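The primary structure of each chain is shown beneath.
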Amino acid sequence: MVGLKTEWEIEPAPRECTLAEYKGAEARWCPGCGDHSVLSAVQKMARDKQIPPERIVVVSGIGCSSRFPHYMSAYGFHSLHGRPLPVACGVKSRRPDLHVFAISGDGDCCAIGAGHWVHAIRYNMNITILMLDNSIYGLTKGQTSPTTRLGRASSTHPHGAPLPPLNPLTVTLGISNVSFVAQTVDWNPPHLSATIRAAHDHEGASFVRVLQRCPHFTGDVYADALEDRSHVLLMEHPDGIVLEPAMRERLKNRVDHDPRNLGEAFQLAARTDVYPVGLFYRDPDAVRYDLVTAHGLGKTPSEKLGAIEEAIERFAI
Amino acid sequence: MGAELVTEQSTARAAVEVSEHIVEIVSDSGEGAQTAGQMFADLCARSGNGIWTVEIIPAEIEPPSRSRAGASGNRIRIGSSRVTNAGDEADVVVALNEQVLYSRIDAGALRPGTIVYVDKVWGESRDPEVRARYVEAVEDFRRRGYTVIETPIESECRKRTKDPRKGKNMWVLGMLCALYDLHEGTVRDRIAARFGRKGAAVVEKNLELFSDGFRWGLENLEQRFHVHAVPVETPTVVMNGNQALALGVMAAGIEVCSMYPITPATSASHYLAANFENAGGIVHQAEDEIAAIGFALGCSYAGKTAVTITSGPGFALKTEFLGYAVMTELPLVVVVVQRGGPATGLPTKIEQGDLMAALFASPGDSPKIVLAPATIEECFHLIITARRLAEDFRSPVIVLSDANLATGQQPFAKPEPKEAWLAGPVDQSDWDSKVAPMAWDPRTGLSKRPIPGQRGGQHVLTGIVHDEWSHIAYESGVNQRAMAMRSRKFAALASALKPPVVHGDPEGDLLVVGWGSTLGAIEEAVDRLRADGRRVSSLHLRFLSPLEPGLKEIFQRFRKVTTVEVNYADDPDAPLINDETRRRSQLARLLREHTLVDVDCWGPVPGSPLPPGQIATHLATKLDELGRES
Ligand SMILES: Cc1ncc(C[n+]2csc(CCOP(=O)(O)OP(=O)(O)O)c2C)c(N)n1
Ligand code: SF4
Ligand SMILES: [Mg+2]
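Residues numbered from 1 in each chain as written. Chains lettered and ligands numbered in written order. Predicted model: local features only at pLDDT ≥ 70, side-chain atom pairs only at ≥ 80, totals over all residues. Heavy atoms only, no water.

S.K.: Just checking my understanding: could you explain the overall build of chain A for this structure?
M.R.: Across its full length, chain A holds 12 helices and 9 strands. Seen through its principal axes, chain A has C-alpha atoms that stretch 75 × 60 × 40 Å. Within chain A, buried positions represent 54% of all 317 residues. Across chain A, the fraction of contacts at a sequence separation of at least 24, relative to all contacts at a separation of at least 6, is 68%. By element, 55% of the accessible surface of chain A is carried by carbon and sulfur atoms, the whole surface being about 13600 Å². Each charge class in chain A was averaged separately, 32 positive and 35 negative side chains, and the resulting centres sit 4 Å apart. (Helix = DSSP H or I, 4+ residues; strand = E, 2+ residues; numbered from the N terminus. Buried < 20%, exposed > 50% of the residue type's maximum accessible area, 1.4 Å probe, protein only. Contact = heavy atoms within 4.5 Å. Areas by Shrake-Rupley, 256 points an atom, 1.4 Å probe, with all protein chains shown as cover. Lys, Arg positive; Asp, Glu negative; His and termini not counted. Charge placed at Lys NZ, Arg CZ, Asp CG, Glu CD.)

What follows is the structure, encoded as structure tokens:
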């Protein structure tokens, strides 16, 4: 063409995504709800890593916590109660280019969605799972959840929860092919951010249980830890969740834990006297279902047609 | 080998010309009657006969041997022209023991005159009880009027192999080829193709047993038949309905089949699992049916149309997500290969009982597209249509097949796959952020969806009531409008459909309406009655939601309209049943509501395909009643 060189290139203007570009509708959670800080931690991490908002898919179930995607500006899939994990795996299966987050609650994940939880951990696809544990069914107004403490009264158990709570950490650690298990708390933003970042960095299914305050229904639940920081046990390791020195100093109760040590991870995860935070376990070599099923991705139409014709031909008479 | 067989043919009796025949092969499960039946059908089709096959399946994997419940095998209807259904009673049954034959007698598969070849080895058993039961049964068969030919199947096989259980079926295949005057040179190829993976020795053994059976047949069969065949000239394929579905999935460019095993749907996924990869797809075996549809919807949201394949009980589990797909306008193809219900029902047997479930099983008003293939060929082509409709109408599309189509084999014109059938590439161009993710066209309700990765198209799908921006909105006006827009799509689709074609005269005394796998049997019944001068026609629906247009007008040209469908209806003459209390078959209910015509129904649920003869008898009674009324 006249006036144009055969080889030319226009550099696209470098794109700088601001924090505002990750923000969606105004969050409608109660004031003081721990979900607010999880939301801003995710938005900040996405901004810091400059993940284009259109490459993020946030899948959630149903619950207060599952309103999360509406408050992001990204692609979102606010699915059904208990079902975010199959959807998240489905999104990822043929679209490795997308950053997939799954947001679930303690009821959503550990009760109605428990089957999917077990299997999503085992599939170990490259997704980030945040389980926001407020120890109660928030959205439906305060019923006992699988993680509600023994004896704690709720609207479905006015005389107190009849069973000891399910421990989401030991359960997850017990699933074959598990590759990343961490715990953090909503009220320590630096630790929360560092954990979410590490979870997203991990290539595989990362499971993060966030101890989440629900001032509306369970203001008492994590009160001990809020009053006295020594109730929180910081697990430390160079391969774990690493905090800035100043933040680290604030948590006096610390323990060294190598995230390759599954046995020790179990022991720590089972502790009920403290809230251990940090990385329990990481196995970068666990089998990735998204990788082993990636065959066939990117076949051209003519390759596909060839294969289909061949398949049909086998039935020819 | 072909040549060797042909020379020996001269010693054999001449074959009697017949226009069609129905053959059954039954054995204990694991003795290979199904393989022999499929191969026999395949050979007949290759020589140019029309065929239709039905699998005879026991409920357990290894039921007790020599038991009535354990019959496993195949029915093959062979014709000199196209065969559209399994027909009435069998002309010939080969039974590897007398007990399995009883299950076919119980199923009404035999008539006086049916020729029964039964293995006489049981009459020579060392176990006196087995001997006695055999002798008693053979006498009983003769009393029932069957022509019993006690055949030395096992003893002949023993001359060749120490373990006849593993080879009797090839001997029987040889005998059947002699019985039906087939002397195809391709037998060797077919046996090699079938058993090649097991090694040359196995192929050789099977070939020998085949030849032994063939030779024995030529030398000993008193009666032989020939079904005239017209050599196949246009490219043709033979397969069963589940294979056709699977190939349709590939040809539609679907990339993910997300499923959980359930009979009789699973074999479609088996076929895909073995072949999908080359066409760029995967089979995801999920942890349950809910996860299977959730995974499929995730794929679909990410821009790849997915299919989930199941049967009744699995479909029930999917219904919450199905409603979600309606609400969020996510494309999805759901294949339901129906079996008998409710609950576990009849896991391996045919029923058409999931029509209402397909239409209404989700909470709230959740209209979906529902299609039903009527032939094996349509199992292939309707999947391609379903994918396109799912995308264009942003809707789940349910394809209702059934156990009869799933395992029935039929030849049809070889499909020529086209690039246009494949799903297009995922659009990743920028999305104009001023266009809503559900910018409903007010006339048709249609809209275009942004796909993750498209810059500017960010939005959040939600099952909660939402406006065109997919923003949660509880205001009553929004709900009213959103419901109307989702509903409008169905009027838009209906307006694009052609009215159904009436088989027979466009007017008359009785119109029979059917759907799904009953097409061939209904039309055959109608043709027989019309040949007797009865004024009956039929009509077969492929679109069940939305319904094909013009039904009321067509119905009004007949004195009476009835459905014939394999789902339960109260017998109008049963105690307490009257016009008000009668529960009718599902299509009949739908048509009554849709047309306000007093549509009658016939809904037997025998767990087997409806034979054309039974349909004709029933219709004749209805016509007689009409005759008396006038
Ligand atoms: C199939 C189904 N069952 C029940 C509900 C009602 N429901 C909505 S949220 C919820 C519990 C939410 O608890 P959790 O997952 O802990 O989330 P939170 O609200 O505490 O964040 C229930 C029972 C539903 N929406 N769908
Ligand atoms: S009820 Fe609890 S969990 Fe729900 S928004 Fe309020 S504080 Fe948060
Ligand atoms: Mg909760």
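Now that the structure is up, let's keep going.
S.K.: How do you make sense of the overall build of chain B when you look at a structure like this?
M.R.: Across its full length, chain B holds 20 helices and 23 strands. Against the 2.2 N^0.38 benchmark of 25 Å for 630 residues, chain B shows a C-alpha radius of gyration of 27 Å, consistent with a compact globule. With respect to the three principal axes, the spread of C-alpha positions in chain B is 85 × 65 × 50 Å. Counting the 630 residues in chain B, one finds 62% classified as buried. Considering only intrachain contacts with a sequence separation of at least 6, the fraction spanning at least 24 residues in chain B is 78%. (Rg over C-alpha atoms; globule rule 2.2 N^0.38 Å.)

S.K.: Before we go on, may I ask you to explain the pairing of strand β6 (residues 115–119) of chain B in this structure?
M.R.: Two faces, one strand: in a regular strand the side chains alternate between the faces of the sheet. All names here are of chain B. Taken across its 5 residues, β6 has 5 buried, putting it largely inside the fold. The side-chain alternation of β6 yields two buried faces, one formed by Ile 115, Tyr 117 and Asp 119 and the other by Val 116 and Val 118. What joins strand β5 (residues 92–95) to β6 is helix α3 (residues 98–106), and the crossover it makes is right-handed. The pairing of β6 with strand β7 (residues 147–151) spans 5 bridges and is parallel. Its bridge partner lying in β7, Val 118 is registered against Glu 150. In the classification by handedness, the crossover that spans β6, the intervening helix α4 (residues 128–143) and the parallel β7 is right-handed. (Right-handed = clockwise from strand over helix to strand, strands pointing away. Pairing = 2+ DSSP bridges.)

S.K.: Could you clarify how one ought to interpret the environment of Gly 514 of chain B in this entry?
M.R.: Residue and element names in this part refer to chain B. Mapped onto the secondary structure, Gly 514 falls in strand β19 (residues 508–515). C-alpha separation for the pair Gly 514 and Phe 295, spaced 219 residues apart in sequence, amounts to 34 Å. When near neighbours in sequence (up to four residues on either side) are disregarded, Gly 514 contacts Ile 522, Leu 539, His 540, Leu 541, Val 564 and Leu 587.

S.K.: Would you mind showing me how to read the sheet that holds strand β23 (residues 600–602) of chain B here?
M.R.: All names here are of chain B. Taken in spatial order, the 5 strands of this open sheet run β18-β20-β19-β22-β23, and their pairing is mixed. Looking along the sheet, the strands with just one partner apiece sit at the ends: β18 (502–503) and β23. As paired strands, β18 and strand β20 (residues 536–541) are joined by 2 bridges and run antiparallel to one another. Paired with Val 502 across the bridge in β20 is Leu 539. Where helix α17 (residues 519–531) meets the sheet, its contacts fall on β18, β19, β20 and β22 (558–564), and the angle it forms with β20 comes to roughly 165°. In the packing of helix α20 (residues 612–629) onto the sheet, the strands contacted are β19, β20, β22 and β23, and the crossing angle to β22 comes to about 155°. (Axes fitted to C-alpha atoms, helices over the stretch in contact; angles between N-to-C directions.)

S.K.: Can you help me understand the site of ligand 1 in this one?
M.R.: The environment of ligand 1 is formed by 17 residues, the closest being Cys 64, Ser 65, Asp 106, Asp 108 and Gly 138 of chain A. More than one chain reaches ligand 1: its neighbouring residues belong to chains A and B. Within the backbone of Gly 138 of chain A, a nitrogen or oxygen atom sits 2.9 Å from an oxygen atom of ligand 1. Protein chains shield 77% of the accessible area of ligand 1, which is 590 Å² for the free molecule. (Near = heavy atom within 4 Å. Polar contact = N/O pair within 3.5 Å; in protein donor to acceptor, adjacent residues only side chain to side chain.)

S.K.: It is not clear to me how the coordination of the magnesium ion (ligand 3) should be interpreted in this structure. Could you clarify?
M.R.: Reference values for angles at a metal are 109.5 degrees in the four-donor tetrahedral case and 90 or 180 degrees in the six-donor octahedral case. Those protein atoms acting as donors to the magnesium ion (ligand 3) are Asp 106 of chain A (OD), Asn 134 of chain A (OD1) and Ile 136 of chain A (O), and they sit at 2.0 to 2.2 Å. Residue classification places Asp 106 of chain A among the buried residues on the basis of a relative accessible area of 2%. (Donors = N, O, S within 2.8 Å, 3.2 Å for Na, K, Ca; no water.)

S.K.: Whenever I open this one, the sheet that holds strand β3 (residues 50–56) of chain B confuses me. Can you help?
M.R.: Strand pairing within a sheet occurs via backbone hydrogen bonds; the two strands may be parallel or antiparallel. Residues and elements named next belong to chain B. The sheet built from 6 strands is open, its strands ordered β3-β4-β2-β5-β6-β7 with mixed pairing. In the strand order of this sheet, the two ends are held by β3 and β7, each with one partner. Neighbour-to-neighbour, the strand axes of the sheet open up by a mean angle of 15°, direction not taken into account. Taken together, the 7 bridges between β3 and strand β4 (residues 72–79) define a ladder with antiparallel strand orientation. Each bridged residue has a counterpart across the sheet, and for Glu 55 the counterpart in β4 is Asn 74. Most of the contacts of helix α2 (residues 33–46) go to β4, to which it runs at about 15°, and overall it touches β2 (20–27), β3 and β4.

S.K.: Help me understand the domain arrangement of chain B in this model?
M.R.: Interface size is commonly expressed as the accessible area that is lost once the parts come together. All names here are of chain B. The domain boundaries assigned to chain B delineate domain 1 (15–227), domain 2 (238–421), domain 3 (427–496) and domain 4 (508–629). Distance from the C-alpha centre of domain 1 to the C-alpha centre of domain 2: 34 Å. Facing 14 residues of domain 1, the contacting portion of domain 2 comprises 12 residues. Across the interface of domain 1 and domain 2, roughly 1100 Å² is buried in total on both sides, 51% from carbon and sulfur atoms. A per-residue breakdown of the area domain 1 buries against domain 2 is headed by Trp 52, Thr 53 and Ile 57, which together make up 45% of the total. At the junction of domain 1 and domain 2, the tally comes to 0 salt bridges. Summed over the shared surface of domain 1 and domain 2, the result is 2 residue pairs in polar contact (both at pLDDT 80 or more). (Domains from an automatic or database assignment. Buried area = accessible area lost by both parts, 1.4 Å probe. Salt bridge = Lys/Arg side-chain N within 4 Å of Asp/Glu carboxyl O.)

S.K.: Where do I start with the packing of aromatic side chains in this structure?
M.R.: Geometrically, a pair of aromatic rings is defined through the distance of the ring centres and the angle of the planes. Per the stated rule, a full pass over the model turns up 18 aromatic pairs over all chains. Where Tyr 75 of chain A meets Tyr 301 of chain B, the ring centres are 6.4 Å apart and the plane angle is 65°; that geometry is what we call edge-to-face. Here the residue Tyr 75 of chain A occupies a position in strand β2 (residues 75–78), and Tyr 301 of chain B occupies one in helix α11 (residues 289–301), the pair thus bridging two chains. In this pair, the class of Tyr 75 of chain A matches that of Tyr 301 of chain B, namely buried. Taken together through their ring pairs, the aromatic side chains of Tyr 75 and Phe 77 of chain A together with Tyr 301, Phe 321 and Tyr 324 of chain B make up a single cluster. In this structure, Arg 66 of chain B is placed above the aromatic ring of Trp 122 of chain B, and the distance from its NZ or CZ to the ring centre is 4.6 Å. Seen from the ring of Tyr 102 of chain B, Arg 68 of chain B lies directly overhead, with NZ or CZ sitting 4.2 Å from the centre. (Phe/Tyr/Trp six-rings, centres within 6.5 Å; stacked < 30°, edge-to-face > 60°. Lys NZ or Arg CZ within 6 Å of the ring centre and 35° of its normal.)

S.K.: Please explain the site of ligand 2 as it appears in this structure.
M.R.: The full set of residues close to ligand 2 is Trp 29, Cys 30, Cys 33, Cys 64, Asn 134, Gln 212, Cys 214, Pro 215, His 216 and Phe 217 of chain A. In terms of residue class, the shell around ligand 2 is built from 7 nonpolar, 3 polar and no charged. (Nonpolar A, V, L, I, M, F, W, Y, C, P; charged D, E, K, R; others polar.)

S.K.: Mind showing me how you'd approach a negative patch on the surface here?
M.R.: Residue and element names in this part refer to chain B. Where like charges cluster on the molecular surface, the negative patch consists of Asp 571, Asp 573, Glu 625 and Glu 629. Looking at the secondary structure, you find Glu 625 in helix α20. Glu 625 gets classed as partly exposed once you look at its relative accessible area, which sits at 35%. (Patch = residues over 30% accessible without salt bridge, like charges linked within 9 Å, V, L, I, M, F, W, Y side chains within 5 Å.)

S.K.: Even after reading the chapter, I still don't get the nonpolar core, so can you show me in this structure?
M.R.: The nonpolar side chains of soluble globular proteins are, as a tendency, buried together. Ranked by internal contacts, the top residues of the largest apolar core, which has 92 residues, are Phe 280 of chain A together with Phe 555 of chain B. Per element, the largest residue contribution to this core is 7 residues, and it comes from α11 of chain B. Apart from the residues lying within four places of it in its own chain, the contact partners of Phe 555 of chain B are Leu 511, Val 513, Val 561, Leu 591, Thr 595, Val 597 and Val 599 of chain B. Listed in part, the 60 residues of the second largest apolar core include Leu 305 of chain A together with Met 259, Ala 265 and Ala 279 of chain B. (Core = buried A, V, L, I, M, F, W, Y, C linked by side-chain atoms within 4.5 Å.)

S.K.: What's the story with unusual backbone geometry in this structure? I'm lost.
M.R.: Generally, phi is negative for residues other than glycine and the peptide bonds are trans, each holding for most cases. Cis geometry is adopted by the peptide bond preceding Pro 264 of chain B, which originates at Thr 263 of chain B and carries an omega value of -5°. Within the element layout of this structure, Pro 264 of chain B appears in the loop between β10 (256–259) and α10 (266–275). That bond from Ser 545 of chain B to Pro 546 of chain B is cis: its omega, -10°, falls within 30 degrees of zero. Within the fold, Pro 546 of chain B resides in the loop between β21 (543–545) and α18 (551–555). One non-glycine residue, Asn 124 of chain A, lies in the positive phi region at around 50°. Positive phi is not limited to glycine here, since Arg 394 of chain B has a value of about 45°.

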